[in-house]
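Here are the chains, one letter per residue:
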Amino acid sequence: MMENQVKERKKLNSKVKYGLSIGFLVLLIVITFVVIFGKYNINELFNILKMVDLSCILISLILVFVYIFFEGMATWILLKAVGYNTSILANFDYAAIDYYYCAITPSASGGQPMVVYFMNKDKIGVGASSQVLLINTALFKIVLVTLSLFSLIFCYQYIFESTLMLVLFIIGITINVVLITFCVLFAFKRNWIEAIGKRMIMLLIRLKILKKPLKLIRFFTKKMDDYEQGAKLLSTSKSKVGLALLFNYIQRTALFSIAYFVYLSFQKSFPELTGFNYFDLLAIQTLIALSVDSLPLPGGMGISEILYISIFGIVYGGIAGFEGGTLVASAMLLTRAVAFYLPLIFTAIISIKRHIMVFIKNKKESRS
């Protein structure tokens, strides 16, 4: 009886947490659009959007599908490495669920727990799913950092177009490099990290910042076990991990390429938009993505729009900042719509579908 009450309480807390996350995301969207439409002429914005080349926008939408598909492929190949033969369609669903819950929660913290939940409903062990998601997250970070470093080397001038961009880039690259380093140390130098981690837990308990030391140490040890298993997977399935890394590069590049095809969509009506190639646009989008990656904002809402208008002002001929022309604002709205808002709606539908499937399955099991 007590165990059921604890489970029900956890479910309620989870629903409240995700409800608050969605509410916070909606609030950020409303504030962002109020600020944008307060600075620009709404009619001009939409008149410009009507002039875009729809074939380029169609390619951008296909790239969104490629992004989700190859995240699912990375999960699929890693699950095969731990002994689970799952369908590609199921893994597409996992990728969509990850996208949706990462987008609506601060610091993208909600994606992995929900994917583990749905994998568990598909008879995939929690330990195996945790290992797979841990490795895929590490690969995801490695891809973001390496693409950002290449972008910095060849297009460093864009970083210095905005002080805010420069500061956020430094923060983003530092946090991601530290996380990757810790992933490697967790996996291959367990004794070091375990000793340091337990001392840190005890120190925080003495300072009365944390409570329940035994529970925390058990949780920490469990996480260490997951990392150790992940390290074994890396060493025994190098080819599959390498393929998953390739899939991560494809998915990231697909998403970051959307900015270029949006740029092309404007060139038909604005032939004066010249001087920037595919790699310029890819680099700018990559640098913006890294800059907002570590911020505790759902989907990077607000700050992504600010950085886009600031940096892409040099591409679309507007003055950097919110006082620029409506062309860059229109390009920002279109890019964010294709790369964030539409995928958010699409992945929300898939998430709802999966929730309904689980609900129906639970009902059937309770009757039998």
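For the structure itself, look to the data block above.
Note that this is a predicted model, so its numbers are computed, not measured.

Caption draft 1: The arrangement of the packing of helix H3 (residues 54-81) against helix H6 (residues 126-154) in detail. In the contact formed by H3 and H6, the axes pass within 9 Å of each other and the chain directions differ by 130°. The orientation of H3 relative to H6 falls into the category oblique. Taken as a pair, H3 and H6 cross one another with a handedness that is right-handed. Here Tyr 67, Glu 71, Ala 74, Thr 75, Leu 78 and Leu 79 of H3 lie close against H6, whose contacting residues are Val 132, Ile 135, Asn 136 and Phe 140. Broken down by class, the residue content of the contact of H3 with H6 amounts to seven nonpolar, two polar and one charged.

Caption draft 2: Highlighting the side chain of Thr 286. Relative to the elements of secondary structure, Thr 286 occurs in helix H12 (residues 278-293). For Thr 286, a relative accessible area of 1% gives the class buried. Those residues in contact with Thr 286, other than ones at most four positions away along the chain, are Leu 147, Ser 148, Ser 151 and Phe 256.

Caption draft 3: View of helix H4 (residues 88-104). Under the 1.5 Å per step criterion, the end-to-end length of H4 is 25 Å for 17 residues, consistent within 8% with the ideal 24 Å. With respect to burial, H4 is a largely interior element, 15 of its 17 residues being buried.

Caption draft 4: Focus on the packing of H6 against helix H10 (residues 238-256). Running from N to C, H6 and H10 point in directions that differ by 55°, and their axes come no closer than 9 Å. The orientation of H6 relative to H10 falls into the category oblique. The two elements H6 and H10 meet at a crossing, and its hand is right-handed. Contacts between H6 and H10 involve Asn 136, Leu 139, Phe 140, Ile 142, Val 143, Leu 144, Thr 146 and Leu 147 from the first element and Val 241, Ala 244, Leu 245, Asn 248, Tyr 249, Gln 251, Arg 252, Thr 253 and Phe 256 from the second. Split into classes, the residues belonging to the contact of H6 with H10 amount to 11 nonpolar, five polar and one charged.

Caption draft 5: Quick peek at the nonpolar core. Counting residues in each nonpolar core, the largest one holds 96 residues, and the members touching the most others are Tyr 94, Phe 266, Phe 312 and Tyr 316. The element best represented in this core is helix H14 (residues 326-367), accounting for 14 residues. Setting aside its immediate chain neighbours within four residues, Phe 266 contacts Ile 48, Leu 49, Val 52, Leu 273, Tyr 316, Leu 327, Ser 330, Ala 331 and Leu 334.

What counts, and where the lines are drawn
Residues numbered from 1 in each chain as written. Predicted model: local features only at pLDDT ≥ 70, side-chain atom pairs only at ≥ 80, totals over all residues. Heavy atoms only, no water. Axes fitted to C-alpha atoms, helices over the stretch in contact; angles between N-to-C directions. Helix = DSSP H or I, 4+ residues; strand = E, 2+ residues; numbered from the N terminus. Parallel < 35°, antiparallel > 145°, perpendicular 65-115°, else oblique. Left-handed = near helix turned anticlockwise from the far one by under 90°. Contact = heavy atoms within 4.5 Å. Nonpolar A, V, L, I, M, F, W, Y, C, P; charged D, E, K, R; others polar. Buried < 20%, exposed > 50% of the residue type's maximum accessible area, 1.4 Å probe, protein only. Expected span 1.5 Å × (residues − 1). Core = buried A, V, L, I, M, F, W, Y, C linked by side-chain atoms within 4.5 Å.

Scope: geometric values only; no functional claims are made or implied.
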